[in-house]
Amino acid sequence: MNTLFVRQTLIEPRAAPPVAVAVVERWRRMLFPTPAMSVLSLALISLLVVAGWRFFAWAVVEAHWRGGSSAACPGDAGACWAFVIARWKPWLVGNYPADQLWRAWTCFAAFALFWTWVVRRSHAASLARVLLGFVLLPVAFFALLIGGGPLPLVVPTQWGGLLLTLVVTLATFATALPLGLVLALGRRSRWPVVRWVCGAFVESLRAVPLLGVLFIAATLVPLFLPRGLAIGLFARATIAFALFNAAMAAEVFRGGLQAVDRGQREAATTVGLSDFSTLRLIVLPQAVSSVVPALVNIMIAVIKETTLLSIIGVSDLLGAIEIGAKSPDWMGESNVLTSGYVFLALVYFTVCYALSRYSRRLEVQR
Amino acid sequence: MTTTRAFAAPIVTMRGINKWYGGYHALRDVDVHVAPGERIVVCGPSGSGKSTLVRTINLLEPFEQGQLRVCGIDVDANAITRAARLAINRRVGMVFQQFNLFPHMTVLQNLIVGPVHGHGSKRGEARELAMHYLARVGLTAHAQKHPAQLSGGQQQRVAIARALCTRPQLVLFDEPTASLDPEMVNEVLQTMESLARDGMTMIVVTHEMGFARRVADRVIFMDQGQIIETAAPDRFFDQPGSARLQSFLGQVLRH
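What counts as what
- Position numbers for residues start from 1 in each chain and track the written sequence from start to end.
- Starting at A for chains and at 1 for ligands, labels are handed out in the order in which the entities are written.
- Where totals are concerned, whole chains, interfaces and linings use all residues; where local detail is concerned, this predicted model gives features only for residues with pLDDT of at least 70, and gives and counts side-chain atom pairs only at 80 or more.
- Hydrogens and waters are ignored; side-chain quantities use all the structure's heavy atoms.
- Where helices and strands are cited, they refer to DSSP runs of H or I of at least four residues and of E of at least two residues respectively, numbered from the N terminus.
- Our radius of gyration looks at C-alpha atoms and nothing else; its globule reference is 2.2 Å times the residue count to the power 0.38.
- For each residue, the accessible area found with a 1.4 Å probe, counting protein chains only, is set against the maximum for its type, and the residue is called buried under 20%, exposed over 50%, and partly exposed in between.
- Here, residues are in contact when the closest pair of their heavy atoms is within 4.5 Å.
- In this description, buried area is defined as the sum, over both parts, of the accessible area (probe of 1.4 Å) that is lost when the two are combined.
- Whenever a carboxyl oxygen of Asp or Glu lies within 4 Å of a side-chain nitrogen of Lys or Arg, that contact is scored as a salt bridge.
- For this analysis, a polar contact is any N or O atom pair within 3.5 Å, provided that within protein one partner can donate a hydrogen and the other can accept it, and provided that sequence-adjacent residues contribute only side-chain to side-chain pairs.
- Under the convention adopted here, Pro, Cys and the residues Ala, Val, Leu, Ile, Met, Phe, Trp and Tyr are nonpolar, Asp, Glu, Lys and Arg are charged, and Gly plus all remaining residues are polar.
- Each helix should span, by expectation, one fewer than its residue count multiplied by 1.5 Å.
- This arc corresponds to the set of directions leading from the helix axis out to the C-beta atoms.
- When two rings of Phe, Tyr or Trp (its six-membered ring) have centres within 6.5 Å they constitute a pair, described as stacked for plane angles under 30 degrees, edge-to-face for angles over 60, and tilted for the intermediate range.
- The predictor attaches a confidence to each residue, and that confidence, scored 0 to 100, is pLDDT.
- With a 1 Å grid laid over protein atoms only, a set of points is called a cavity when a 1.4 Å probe fits there but cannot get out and a pocket when it is open yet has protein on both sides within 12 Å along at least five of seven lines; lining residues have an atom within 4 Å of a point.
- Grid points are joined across faces, edges and corners, and a volume is the space filled by probe spheres set on the points.
- What makes two strands pair is DSSP finding at least two bridges between them.
- Lines fitted to the C-alpha atoms define the axes, with helices restricted to the stretch that makes contact. Angles between their N-to-C directions range from 0 to 180 degrees.
- Put simply, angles under 35 degrees are roughly parallel, angles over 145 are roughly antiparallel, angles from 65 to 115 are roughly perpendicular, and the rest are oblique.
- To count toward a patch, a residue needs a relative accessible area over 30% and no salt bridge; like charges are then connected within 9 Å, while nonpolar side chains (Val, Leu, Ile, Met, Phe, Trp, Tyr) are connected within 5 Å.
- For the area figures, the Shrake-Rupley method with a 1.4 Å probe applies, and any residue is considered shielded solely by the protein chains shown.

Novice: Requested: an account of the overall build of chain A, with residues and values cited.
Specialist: Across its full length, chain A holds 13 helices and zero strands. Listed N to C, the secondary structure of chain A is α-α-α-α-α-α-α-α-α-α-α-α-α in terms of helices and strands. Taken over C-alpha atoms, the radius of gyration comes to 27 Å for chain A, far larger than the 21 Å a tight globule of 366 residues would show. For chain A, the residues scored as buried account for 42% of the 366 residues in total.

Set out below in structure tokens:
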């Protein structure tokens with residue numbers, strides 16, 4: 001057969017043609033592609049506009065900004081930001097002594113700095129950073145806040161508000177992550193007894209609601225403890241959080257460990273690594289960095305779950321707001337408490353949305 | 001040359017090895033002796049047990065019956081210990097079909113992690129040895145890259161260098177070119193041939209019959225978990241003794 005085609009000069013790469021769709025046209029295609037979709041778009045947009053306007057009217061137009069008591073916010077028409085403005089400081093730090101407040105601010109600042117640093121570093125999380133952020137940082141915070149030595153002692157019952165939320169979240173992570181890792185490894189152990197104990201622990205905690213665990217920690221545990229060994233409510237609640245989330249983290253780690261290819265272990269064996277070295281140098285780094293997004297998601301869940309603390313009488317941010325609304329100055333007007341709740345939602349949304357975006361970015365990077 | 005080999009203590013002795021995957025009889029009464037410096041090629045149809053055979057030698061796969069002796073370490077089917085597996089793996093290197101490089105480490109770290117953490121070498125010495133073997137496989141410039149930045153052929157050459165860095169007495173190759181694009185097969189085979197010229201003891205599972213003819217001292221043909229035929233390459237390819245090998249060669253060599 002004859003040669004049918006031969007190319008003598010190669011085609012150089014060219015730039016793709018520009019997308020020549022006007023902005024208006026692009027929006028029209030997005031919102032009104034078909035009659036049915038147009039109806040849906042219009043319905044949703046008008047819903048958004050109405051709800052948005054109502055909220056704007058409540059939060060800005062009819063809002064009350066000044067005043068030192070509920071008298072500033074008569075009726076239940078507009079938001080009562082005066083309440084938030086007058087009270088926000090104890091909501092952030094609780095009853096932390098005023099002359100020691102710099103310790104609390106340091107923790108907030110260090111936390112914000114750490115996350116800024118983590119987020120701005122582009123490449124994926126390493127084992128060292130996970131340990132630093134989730135274990136070392138919480139321990140340092142706890143030591144700084146509680147004091148002792150040259151610093152005056154400030155017991156946890158004096159902590160409150162957002163500071164307490166932050167501390168409980170970090171303390172939960174500092175204990176739940178190592179414990180979760182141990183549980184996950186235990187479930188893959190060679191020894192059946194270890195497997196059974198770890199499996200039973202994880203499965204039973206995964207099958208009960210956190211609120212139930214918290215109530216047990218708050219009311220039942222003190223009855224079982226020997227006389228003289230009283231553990232504070234704060235500590236008990238934190239332990240309950242830690243154990244519960246250790247079970248969650250264990251499942252995440254288990255997935256990460258399973259995702260490491262079997263060939264990785266085999267290769268590690270053939271270069272002479274012991275089982276422990278294989279785990280430490282080859283398996284864990286890969287398993288951990290693959291589950292960091294899922295761990296951040298657990299962290300978001302923990303932050304939101306801390307609001308349950310107010311139910312058992314620990315004054316976290318939610319508890320502090322409710323206490324504020326019940327104080328003599330602010331009693332009697334329903335919009336006071338509502339405004340506090342909206343402020344609470346705003347604070348949680350800011351923190352959790354930032355973390356959620358970060359976790360999403362980690363997933364994309366992988 | 002043959003006589004000296006016959007008298008040297010074998011580096012691998014497999015006696016009556018039997019292995020099952022559940023109810024499937026994967027290795028059946030396998031006997032293999034490999035002398036120091038020998039180059040063995042193992043071939044056979046897929047599922048014939050050739051990969052299982054080499055993976056049994058370094059105890060990646062346990063076996064149910066028989067005795068194994070590798071680099072002076074005796075292992076009985078009833079007493080396969082982690083200590084024995086560790087001891088054997090510190091003397092035997094392996095190259096896998098899927099490379100199995102450690103993706104979270106640079107090329108250099110891949111090469112020194114075994115010597116440093118498995119063999120107790122000093123970091124500086126391990127690094128020197130690693131650079132030596134990296135030069136040997138022609139990848140010095142890639143020492144600081146991660147495996148994902150390399151081509152398949154380059155990754156497999158790194159894997160070969162990694163196996164050599166532990167100073168093994170024997171290197172096992174489990175289909176080292178089977179997952180490479182055709183244009184990369186040769187660079188890996190050439191690396192292996194140069195290793196063979198240096199007298200490294202090698203057991204190679206491969207379908208590269210040209211390599212077997214050029215390099216092997218003996219070729220082993222397996223089918224259905226058993227050794228069907230063992231012969232020097234000339235005889236193996238030109239006068240196959242069994243009908244199974246004849247038909248296998250007919251399939252592989254016909255292009």
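So much for the structure itself; the text now carries on.
Novice: Just give me the short version of the interface of chain B and chain A, but keep the residues and values in it.
Specialist: Contacts between the two partners involve 25 residues from chain B and, on the opposite side, 21 residues from chain A. Summed over both sides, the interface between chain B and chain A buries roughly 1800 Å², with carbon and sulfur atoms accounting for 57% of that surface. Joining chain B to chain A, the criterion identifies three salt bridges. In this structure, Arg-55 of chain B and Glu-266 of chain A form a salt bridge, with 2.6 Å as the shortest nitrogen-oxygen distance. Linking chain B with chain A are nine residue pairs in polar contact (both at pLDDT 80 or more), by the criterion used here. For the side of chain B that touches chain A, the elements supplying multiple residues, two or more each, are α3 (82-89), β6 (92-95) and α4 (107-118) of chain B. Across the side of chain B that touches chain A, the residue classes tally to ten nonpolar, ten polar and five charged.

Novice: Now, about helix α7 (residues 192-206) of chain A: what can you tell me, with residues and values included?
Specialist: Residues and elements named next belong to chain A. For α7, which comprises 15 residues, the first-to-last C-alpha distance of 21 Å matches the rise-based estimate of 21 Å (1.5 Å per residue) to within 8%. Within the span of α7, buried status applies to Cys-198, Gly-199, Val-202 and Leu-205. Take α7 and look down its axis: the buried residues cluster within an arc of 145°, on one side only. Away from its buried face, by an angle of more than 90 degrees, α7 presents the exposed residues Val-193, Trp-196 and Val-197. Residues of α7 that are buried in the fold lie against α6 (161-187), α8 (210-224) and α9 (233-259).

Novice: For the packing of aromatic side chains, give the residues involved together with the corresponding values.
Specialist: Residue and element names in this part refer to chain A. Taken as a whole, this structure holds 13 aromatic pairs over all chains when the rule is applied. Measuring from ring centre to ring centre gives 5.2 Å for Phe-349 and Tyr-353, while their planes differ by 10°; the resulting arrangement is stacked. Here Tyr-353 and Phe-349 lie together in helix α13 (residues 334-365), a separation of four residues that amounts to about one turn. Tyr-353 sits in the partly exposed class, given a relative accessible area of 42%.

Novice: A description of the side chain of Thr-106 of chain B should follow, citing residues and the corresponding values.
Specialist: You can see Thr-106 of chain B is positioned in the loop between β6 and α4. Contact partners of Thr-106 of chain B, with chain neighbours within four places excluded, come to Ala-143, Gln-144, Lys-145 and His-146 of chain B.

Novice: If you had to explain the confidence of the model for chain A to someone new, which residues and values would you point to?
Specialist: Do not read the predicted coordinates in detail wherever pLDDT is low. Here chain A shows a mean pLDDT of 85. Residues at 70 or above account for 95%. The lowest-confidence element of chain A is helix α5 (residues 127-146) of chain A, averaging 78 in pLDDT; the highest-confidence one is helix α10 (residues 262-270) of chain A, averaging 96.

Novice: Talk me through the layout of surface pockets; I want residue IDs and the actual numbers.
Specialist: Estimates place the volume of the largest pocket at around 1200 Å³. Arg-188, Arg-265, Asp-275 and Leu-279 of chain A together with Arg-82 of chain B are, among the 35 residues lining the largest pocket, the residues nearest its centre. Within the residue set of the lining of the largest pocket, elements represented by two or more residues are α5, α6, α10 and α11 (275-305) of chain A together with α3 of chain B. No other element matches the eight residues that α11 of chain A contributes to the lining of the largest pocket.

Novice: Quick rundown of the side chain of Asn-18 of chain B? Include the residues and the values.
Specialist: Residue and element names in this part refer to chain B. In this fold, Asn-18 is placed in strand β1 (residues 12-21). Overall, the relative accessible area of 4% leaves Asn-18 in the buried class. A distance of 2.8 Å separates a polar atom in the side chain of Asn-18 from a polar atom in the side chain of His-25. Within the local environment of Asn-18, its side chain forms a polar contact with the side chain of Asp-29, the two groups lying 2.8 Å apart. With residues near it in sequence (within four places) discarded, Asn-18 still touches His-25, Leu-27, Arg-28, Asp-29, Phe-63, Glu-64 and Gln-65.

Novice: An account of the pairing of strand β2 (residues 24-34) of chain B is requested, with residue identities and associated values reported.
Specialist: Residues and elements named next belong to chain B. Two elements, β1 and β2, share seven bridges in a ladder whose sense is antiparallel. Across the sheet, the residue bridging to Val-12 is Val-34, located in β2. A loop of two residues connects β1 with β2, the two strands running antiparallel in sequence, and Gly-22 in this loop sits at a positive phi of about 60°.

Novice: Could you give me a rundown of the environment of Val-296 of chain A, with the residues and numbers involved?
Specialist: All names here are of chain A. Mapped onto the fold, Val-296 is located in helix α11. Considering only alpha carbons, one finds Val-296 and Ser-356, 60 residues apart in sequence, at a separation of 7.5 Å. Not counting residues within four places of it along the chain, the set of residues in contact with Val-296 comprises Leu-355, Tyr-358 and Ser-359.

Novice: How would you sum up the sheet that holds strand β4 (residues 65-70) of chain B? Please name residues and give values.
Specialist: All names here are of chain B. Spatial ordering of the open sheet is given by β2-β1-β4-β5, a layout of four strands whose pairing is antiparallel. Both edges of this open sheet fall to β2 and β5 (73-76), since each of them pairs with a single strand only. Pairwise comparison of adjacent strand axes, ignoring direction, gives a mean angle of 20° for this sheet. Bridging between β4 and β5 involves four bridges; their strand directions are antiparallel. Paired with Leu-68 across the two strands is Val-75, which belongs to β5. Together, β1, β2 and β4 form the strand contacts of helix α2 (residues 50-57), whose direction differs from that of β1 by roughly 120°.

Novice: Can you tell me about the packing of helix α3 (residues 81-93) of chain A against α6 of chain A, naming the residues and giving the values?
Specialist: Residue and element names in this part refer to chain A. Closest axis-to-axis distance for the α3/α6 pair is 2 Å, and the angle between their directions is 25°. It follows from the interaxial angle that α3 and α6 lie roughly parallel. Between α3 and α6, the contacting residues are Pro-90, Trp-91, Leu-92 and Val-93 on the first element and Gly-161, Leu-162 and Leu-163 on the second.

Novice: Mind laying out a nonpolar patch on the surface, listing which residues take part and the relevant values?
Specialist: Residue and element names in this part refer to chain A. On the surface, Met-37, Leu-40, Leu-44 and Leu-47 cluster together into a nonpolar patch covering about 390 Å² of accessible area. Within the element layout of this structure, Leu-47 appears in helix α2 (residues 35-61). Classification of Leu-47 as exposed rests on a relative accessible area of 58%.

Novice: Describe in detail the sheet that holds strand β9 (residues 218-223) of chain B, supporting the description with residues and values.
Specialist: Residue and element names in this part refer to chain B. The sheet built from six strands is open, its strands ordered β6-β7-β8-β3-β9-β10 with mixed pairing. Both edges of this open sheet fall to β6 and β10 (226-231), since each of them pairs with a single strand only. Direction aside, neighbouring strands of the sheet carry axes that sit 20° apart on average. Summarising the sheet, strand β3 (residues 39-43) and β9 pair through four bridges and their orientation is parallel. Opposite Cys-43, over in β9, you have Phe-221 as the bridge partner. The strands touched by helix α7 (residues 182-197) are β3, β7 (170-174) and β8 (202-205); relative to β8, the strand with the most contacts, the crossing angle is about 155°.

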